[in-house]
There are 2 protein chains.
Amino acid sequence: MTTRSTEYPLHEACKPLEFLLGTWRGRGKGVYPTIDDFEYEEEVRFTHLGKPFLAYSQSTWSAADGRPMHGESGFWRPQANGRIEIVLAHPFGATEILEGTISGTRIDVKSTSLATTATAKDIAETGRTFDLRNDALVYEMGMATSGQRLQGHLIAELHRV
Amino acid sequence: MTTRSTEYPLHEACKPLEFLLGTWRGRGKGVYPTIDDFEYEEEVRFTHLGKPFLAYSQSTWSAADGRPMHGESGFWRPQANGRIEIVLAHPFGATEILEGTISGTRIDVKSTSLATTATAKDIAETGRTFDLRNDALVYEMGMATSGQRLQGHLIAELHRV
């Protein structure tokens, strides 16, 4: 068998996202009308293979007892003219496409597609903002479900590890 | 910060997929009317966190020169009555949900949802079969695009590493 090559220069298309590469960790808080507030810790990883996308994975665990909570994985696809496309799979039985813009170190995306498996709960709409502020990656996510308008759900502040 | 826990017993719901856990590697071949045949090598990883799903990631690279080719990531969700749901993100700008059945070590799934980003190519339908035969995980994938009916696209034989 051949060996898989793992050393590549960053693809030109990914240059606007170079500041994200690596592993980030920090603490977040979740707030939503239908559930109790909760605190969590989070790790996010961005890697590349010399192709015009970054591989992305995220996991969160309870700040209280280390119990795994959420996770998601997918790919970030920077496009021409400061656009970005994100494709995600969620373990609760959903897939999501988000599209939006990269402005310096700020990324704003909104869901353009949400699909769920036969057994999963419905999600109507999501939006996310990522922003690098003084070496902290600040991440906010809003969510609308069938009964609730789009509103703040998660906010986290991550630092490079 | 708390430490993320990483040691969990396998969730009861995942028992039918226990034979998949770990890392698999092998060689595959791609055939499709619109492109030249190609050979590739593949690695597939299944992990768990004690939750009712397996995390899944796959990557392929050229058998000729080790150049990365495809990759995908997502989650496998076994359900009651031998059903399974798979949610995937694809770096070429698509998300996919597949649903089907687990019969012993054979898994048959078909796409129930395919979504693409603004810049991605359209895919009409996919189907996949996974089967453990004498310690080899044999994997076949069929694909239909707008111009082509559902037909064999990839076949690979993977061994546990």
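Residues numbered from 1 in each chain as written. Chains lettered and ligands numbered in written order. Predicted model: local features only at pLDDT ≥ 70, side-chain atom pairs only at ≥ 80, totals over all residues. Heavy atoms only, no water.

Enquirer: Hey, could you go over the overall build of chain A for me, with residue numbers and the actual values?
Expert: When you go through chain A residue by residue, the secondary structure sums to zero helices and 10 strands. Sequence-ordered secondary structure for chain A, helices as α and strands as β, is β-β-β-β-β-β-β-β-β-β. A globule of 161 residues ought to have a C-alpha radius of gyration of about 15 Å, and chain A, at 16 Å, matches this closely. Counting only C-alpha atoms and orienting by the principal axes, one finds that chain A spans roughly 50 × 40 × 30 Å. A buried classification covers 50% of the 161 residues belonging to chain A. For chain A, the proportion of contacts with a sequence separation of at least 24, taken over those separated by at least 6, is 35%. About 7400 Å² of surface is accessible on chain A, with carbon and sulfur atoms providing 49% of the total. The averaged location of the 21 negative side-chain charges in chain A is 2 Å from the averaged location of its 17 positive side-chain charges. (Helix = DSSP H or I, 4+ residues; strand = E, 2+ residues; numbered from the N terminus. Rg over C-alpha atoms; globule rule 2.2 N^0.38 Å. Buried < 20%, exposed > 50% of the residue type's maximum accessible area, 1.4 Å probe, protein only. Contact = heavy atoms within 4.5 Å. Areas by Shrake-Rupley, 256 points an atom, 1.4 Å probe, with all protein chains shown as cover. Lys, Arg positive; Asp, Glu negative; His and termini not counted. Charge placed at Lys NZ, Arg CZ, Asp CG, Glu CD.)

Enquirer: Could you give an account of the interface of chain A and chain B, naming the residues involved and the relevant values?
Expert: In this assembly, 49 residues from chain A lie in contact with 49 residues from chain B. Counting the contacts that link chain A with chain B gives 18 residue pairs in polar contact (both at pLDDT 80 or more). Among the elements of the structure, β1 (22–32), β2 (35–47), β3 (54–62), β4 (68–78), β5 (83–90), β6 (94–103) and β7 (106–116) of chain A are those that each provide at least two residues to the side of chain A that touches chain B. No other element matches the eight residues that β4(A) contributes to the side of chain A that touches chain B. (Polar contact = N/O pair within 3.5 Å; in protein donor to acceptor, adjacent residues only side chain to side chain.)

Enquirer: Could you give an account of the sheet that holds strand β7 (residues 106–116) of chain B, with specific residues and numbers?
Expert: Residues and elements named next belong to chain B. Pairing is antiparallel in the closed barrel, where 10 strands are placed in the order β1-β2-β3-β4-β5-β6-β7-β8-β9-β10. Going from strand to strand, the sheet's axes swing by 25° on average, the running direction of each strand aside. The pairing of strand β1 (residues 22–32) with strand β2 (residues 35–47) spans 10 bridges and is classified as antiparallel. Directly across from R25, in β2, lies its bridge partner E43. (Pairing = 2+ DSSP bridges. Axes fitted to C-alpha atoms, helices over the stretch in contact; angles between N-to-C directions.)

Enquirer: How would you sum up unusual backbone geometry? Please name residues and give values.
Expert: Phi is positive for A:N81, close to 60°, though the residue is something other than glycine. Along the polypeptide, A:N81 turns up in the loop between β4 and β5. Look at A:N81 and you get exposed, because its relative accessible area is 77%. The backbone of B:D135 shows a phi angle near 70°, a positive value even though the residue is not glycine. Its location among the elements puts B:D135 in the loop between β8 (125–133) and β9 (136–145). B:D135 sits in the exposed class, given a relative accessible area of 62%.

Enquirer: I'd love a proper account of the packing of aromatic side chains, names of residues and values included.
Expert: Summed over the entire model, instances satisfying the criterion amount to 14 aromatic pairs over all chains. Residues A:Y56 and A:W76 carry aromatic rings whose centres are separated by 5.4 Å and whose planes lie at 45° to one another, so their mutual orientation is tilted. Here A:W76 lies in strand β4 and A:Y56 lies in strand β3, a separation of 20 residues in the sequence. The burial state of A:Y56 is the same as that of A:W76; both residues are buried. Judged by centre distance (5.6 Å) and plane angle (85°), the rings of B:F53 and B:F75 are edge-to-face. Of this pair, B:F53 sits in the loop between β2 and β3 (54–62) while B:F75 sits in strand β4 (residues 68–78); the two residues are 22 residues apart in sequence, bridging distant segments of the chain. (Phe/Tyr/Trp six-rings, centres within 6.5 Å; stacked < 30°, edge-to-face > 60°.)

Enquirer: Report on the relation of the copies chain A and chain B, specifying residues and quantitative values.
Expert: Superposition of chain A onto chain B requires a rotation of 180° combined with a translation of 0.0 Å along the rotation axis, giving an RMSD of 0.0 Å. Here the symmetry operator amounts to a two-fold rotation axis. A symmetric contact is evident, with 100% of the interface residues of chain A recurring at the interface of chain B. (Least-squares fit on C-alpha atoms with pLDDT ≥ 70 in both.)

Enquirer: Could you give an account of the sheet that holds β5(A), naming the residues involved and the relevant values?
Expert: Residues and elements named next belong to chain A. On the basis of which strands lie adjacent, the closed barrel formed by 10 strands has the order β1-β2-β3-β4-β5-β6-β7-β8-β9-β10 and antiparallel pairing. This sheet shows a mean twist of 25° between the axes of neighbouring strands, independent of strand direction. One ladder, built from eight bridges, connects β2 with β3; its direction is antiparallel. Looking at β3, one finds that T47 is bridged to A55.

Enquirer: Give me the environment of B:L158: which residues, what numbers.
Expert: Residue and element names in this part refer to chain B. Mapped onto the secondary structure, L158 falls in strand β10 (residues 148–160). Expressed as a C-alpha distance, the spacing of L158 and C14, which sit 144 residues apart in the sequence, is 21 Å. Dropping the residues within four chain positions of it, L158 is found in contact with W24, R25, G26, E42, V44, D135, A136 and L137.

Enquirer: Break down the confidence of the model for chain A for me, citing the residues and quoting the values.
Expert: Residues and elements named next belong to chain A. Summing up the model confidence of chain A, the mean pLDDT is 92 and the portion of residues at 70 or higher is 96%. At the low end of the mean pLDDT range in chain A sits strand β10 (residues 148–160), at 87; at the high end sits β5, at 98. This complex was scored by the predictor with a pTM of 0.92 and an ipTM of 0.91. (pLDDT = per-residue confidence, 0-100.)

Enquirer: I'd like to hear about the environment of B:A124, residue by residue, with values.
Expert: All names here are of chain B. Along the chain, A124 falls in the loop between β7 and β8. Put simply, A124 and G66 are 58 residues apart on the chain and 30 Å apart in space, counted from C-alpha to C-alpha. Leaving out residues up to four positions away in the same chain, A124 has contacts with L114, A144, T145 and S146.

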